[in-house]
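Geometric and topological summary
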Amino acid sequence: MLVMIGYASEHGSTEGIARRLGDRLRAHGHSIDVRPLDRPVEALGLYDVFVLGSAVHGGSWLREAADFAHRETDTLARRPVWLFSVGLARVLGGRFAQAGEVPKGVPEIMRALGAREHRLFAGAIRPGHLPLFGRFVYRAMGGRYGDFRDWAEVEEWAEEIAAQLTMVTR
Ligand SMILES: Cc1cc2nc3c(=O)[nH]c(=O)nc-3n(C[C@H](O)[C@H](O)[C@H](O)COP(=O)(O)O)c2cc1C
């Protein structure tokens, strides 16, 4: 299968997860293109399968990921699609978790594309990612800094997708 793994990543942690998913799926013999969603993708119709992910900012996907999903709905809806988000809600809990596991706009995208699943992965944050005032607010809300990505969980999900791909025919 020719699989496109598309990502929207402000500071690289979502890109890292996209690349790790790609490595695992490649090990199952699939051809993988890992591509940023803020650049044009040619010949989208050639892909058999899509895995699309975005960092979560302000409770939503980054604009380029949502724009891509809306712009390419016709093509994507004809293929198996898996979605993932990368955020800190689950890691930090409390007020951060109140926004929920599914970012704003993602349920609508799932429905429009007929996506098979949405996963929320833990991401990473450093003080330099936030403006000074943002750092102050983040600390006051009990926020912590670090790389919380759970690579075993990411690889497990890739294995689950790989298992389902054995049942996908073009
Ligand atoms: C400005 C900013 C806003 C963020 N807003 C949220 C949010 O609303 N919900 C959440 O779970 N994580 C939020 N995060 C955490 C990021 O989603 C997390 O750090 C993620 O790993 C970033 O991915 P990236 O490195 O690919 O950009 C925010 C981070 C930044 C820098």
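One can find the structure itself at the top, above this paragraph.
Report on the accompanying structure. Fair warning: this is a prediction, and the values are worked out from it, not measured in the lab.

This paragraph deals with the overall build of the chain. Each helix and strand in the chain was counted, giving eight helices and eight strands. For 170 residues, the compact-globule formula gives about 15 Å, and the C-alpha radius of gyration of the chain, at 16 Å, lands near that figure. Its C-alpha atoms give the chain principal-axis dimensions of roughly 50 × 30 × 25 Å. For the chain, with 170 residues in total, the buried portion stands at 47%. Put simply, of all contacts in the chain between residues at least 6 apart along the chain, 77% involve residues at least 24 apart. Here the chain displays about 8,700 Å² of accessible surface, and carbon together with sulfur accounts for 50% of that area.

The environment of the ligand is formed by 20 residues, the closest being Ser9, Ser13, Val56, Gly59 and Ala124. Ala89 has a polar backbone atom sitting 3.1 Å from an oxygen atom of the ligand. When the free accessible area of the ligand is taken as 640 Å², the share hidden by the protein chains comes to 84%. A molecule is said to occupy a pocket when more than half its atoms come within 2 Å of that pocket's grid points, and by this definition the ligand occupies the largest pocket. Listed by contribution, the elements that provide at least two residues to the shell around the ligand are α1 (13-26), β3 (49-57), β5 (81-87) and β7 (124-125).

For the rest of this paragraph, the subject is the packing of aromatic side chains. Taken as a whole and assessed by the stated rule, the structure comprises six aromatic pairs. Ring centres of Phe121 and Trp157 lie 5.6 Å apart, and the angle between their planes is 70°; on these two criteria the pair is classed as edge-to-face. You can see Phe121 sitting in strand β6 (residues 117-122) and its partner Trp157 sitting in helix α8 (residues 151-165), a full 36 residues away along the chain. On the basis of relative accessible area, Trp157 is assigned to the buried category, the value being 0%.

Looking now at unusual backbone geometry. In the Ramachandran plot, Ala43 falls in the positive-phi region, its phi being about 50° despite a non-glycine side chain. Tracing the sequence through the fold places Ala43 in the loop between β2 (31-36) and β3. Note on Ala43: relative accessible area 46%, which makes it partly exposed.

What counts and what doesn't
Residues numbered from 1 in each chain as written. Predicted model: local features only at pLDDT ≥ 70, side-chain atom pairs only at ≥ 80, totals over all residues. Heavy atoms only, no water. Helix = DSSP H or I, 4+ residues; strand = E, 2+ residues; numbered from the N terminus. Rg over C-alpha atoms; globule rule 2.2 N^0.38 Å. Buried < 20%, exposed > 50% of the residue type's maximum accessible area, 1.4 Å probe, protein only. Contact = heavy atoms within 4.5 Å. Areas by Shrake-Rupley, 256 points an atom, 1.4 Å probe, with all protein chains shown as cover. Near = heavy atom within 4 Å. Polar contact = N/O pair within 3.5 Å; in protein donor to acceptor, adjacent residues only side chain to side chain. 1 Å grid on protein atoms, 1.4 Å probe; cavity = no way out; pocket = protein on both sides within 12 Å on 5 of 7 lines; lining within 4 Å. Sits in = over half its atoms within 2 Å of the grid points. Phe/Tyr/Trp six-rings, centres within 6.5 Å; stacked < 30°, edge-to-face > 60°.

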